[in-house]
Amino acid sequence: MINCSNIPDIIELKNFDGNFGNYENAVFERYNKVKDLSNVRINNLPLKHKKYPTENNRDCTFLHITTSSDSGGNKKLKEWERNSELRRLERIEWPFFILKECFDSCDKIFTWENKRKGKIRFLIWCPEIEYLIILDSRKSFYLLWTAYPVTESHRKKKLRKEYDEYIKSKNAL
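Residues numbered from 1 in each chain as written. Predicted model: local features only at pLDDT ≥ 70, side-chain atom pairs only at ≥ 80, totals over all residues. Heavy atoms only, no water.

**Details of the pairing of strand E5 (residues 110-116)**
Strand direction decides the pairing type here: E5 and strand E6 (residues 119-126), joined by seven bridges, are antiparallel. Among the inter-strand pairings, Lys 115 is bridged to a residue of E6, identified as Ile 120. What sits between the antiparallel neighbours E5 and E6 is a turn of two residues, in which Lys 117 has the positive phi angle 50°. (Pairing = 2+ DSSP bridges. Helix = DSSP H or I, 4+ residues; strand = E, 2+ residues; numbered from the N terminus.)

Pasting the structure below:
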């Protein structure tokens, strides 16, 4: 079992004298160093990145795991219209660490499928470090869709309830 203290350190904006452009470039460089998922398999299927659309040479996976939608749900924003989110940027290495080092070896990770907007998603949640990874299920592979910290208590309760209901439905079969 991987110890949660092995999770990569966050990358802080203050280490870049508050220069967001330099910070975002450094985060993107780190992403490029850790993003290789070629050896990762989830439920015996390969895991891939969503490459398109791109913005400033940044692939869609990077855009989704470092930004969030601020539209209030009224409008689906394009990837490049979403807002950069500091807490997501800080943890750029976390989804890759969890997928490569923790997924198959940690008993503290919760995994389940759900259906959102007609799509099957595979969720990987680590309550120990308050982090969620969402994969999009395709016929022969998974796409790393998004990942983000989950710190709000109501959101944690919702995820736990969804997980418990999923397990209960699987056990009823």
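**Remarks on the pairing of strand E7 (residues 131-137)**
Here E7 lies mainly inside the structure; six of its seven residues are buried. The sheet contact formed by E6 and E7 spans six bridges and is antiparallel. Across the sheet, residue Arg 121 finds its bridge partner in E7, namely Asp 136. Relative to strand E8 (residues 142-149), E7 runs antiparallel, the two being bridged by seven bridges. Across the sheet, Leu 132 pairs through a bridge with Tyr 148, a residue of E8. (Buried < 20%, exposed > 50% of the residue type's maximum accessible area, 1.4 Å probe, protein only.)

**Considering the nonpolar core**
Core analysis: the biggest nonpolar cluster contains 35 residues, and Ile 42, Leu 47, Ile 98, Leu 99, Ile 124, Ile 133 and Leu 135 have the highest contact counts within it. Looking at this core, the elements with two or more residues in it are helix H1 (20-34), helix H2 (60-66), helix H4 (94-102), E6, E7 and E8. Counting residues per element, this core draws most heavily on H4, at six residues. Those residues in contact with Ile 133, other than ones at most four positions away along the chain, are Pro 95, Ile 98, Leu 99, Phe 122, Leu 123, Ile 124, Leu 144, Thr 146 and Ala 147. Membership of the second largest hydrophobic core comes to 13 residues, among which are Phe 110, Trp 112, Ile 134 and Val 150. (Core = buried A, V, L, I, M, F, W, Y, C linked by side-chain atoms within 4.5 Å. Contact = heavy atoms within 4.5 Å.)

**A word on the side chain of Arg 91**
If you trace the backbone, Arg 91 turns up in the loop between helix H3 (86-90) and H4. A distance of 2.9 Å separates the side chain of Arg 91 from the side chain of Glu 90, its partner in a polar contact. Those residues within four positions of Arg 91 in sequence are excluded, and the remaining contacts are Ile 10, Tyr 131 and Pro 149. (Polar contact = N/O pair within 3.5 Å; in protein donor to acceptor, adjacent residues only side chain to side chain.)

**Concerning the pattern of salt bridges**
In this structure the tally under the stated criterion is eleven salt bridges. Of the charged contacts in the structure, one is a salt bridge between Asp 164 and Arg 160, with a shortest N-O distance of 2.9 Å. Placement of the pair is Asp 164 and Arg 160 together in helix H5 (residues 153-172), with a separation of four residues, close to one helical turn. For Arg 160, a relative accessible area of 37% translates into the label partly exposed. Look at the salt bridges and you will find they share partners, linking Arg 87, Glu 90 and Arg 91 into a network. (Salt bridge = Lys/Arg side-chain N within 4 Å of Asp/Glu carboxyl O.)

**Notes on the environment of Ile 92**
Topologically, Ile 92 is positioned in the loop between H3 and H4. Residue Ile 92 is classed as buried on the basis of its relative accessible area of 1%. For the pair Ile 92 and Ala 147, spaced 55 residues apart in sequence, the C-alpha to C-alpha distance is 9.0 Å. Excluding its chain neighbours within four sequence positions, the residues that come into contact with Ile 92 are Ile 11, Val 27, Arg 30, Tyr 31, Phe 62, Ile 65 and Thr 66.

**Observations regarding the sheet that holds E7**
Pairing within the open sheet is mixed, and its six strands lie in the order E1-E2-E8-E7-E6-E5. This sheet does not close on itself; its edge strands, each paired only once, are strand E1 (41-42) and E5. Strand direction decides the pairing type here: E1 and strand E2 (residues 45-49), joined by two bridges, are antiparallel. Following the sheet pairing, Arg 41 is matched in E2 by Pro 46.

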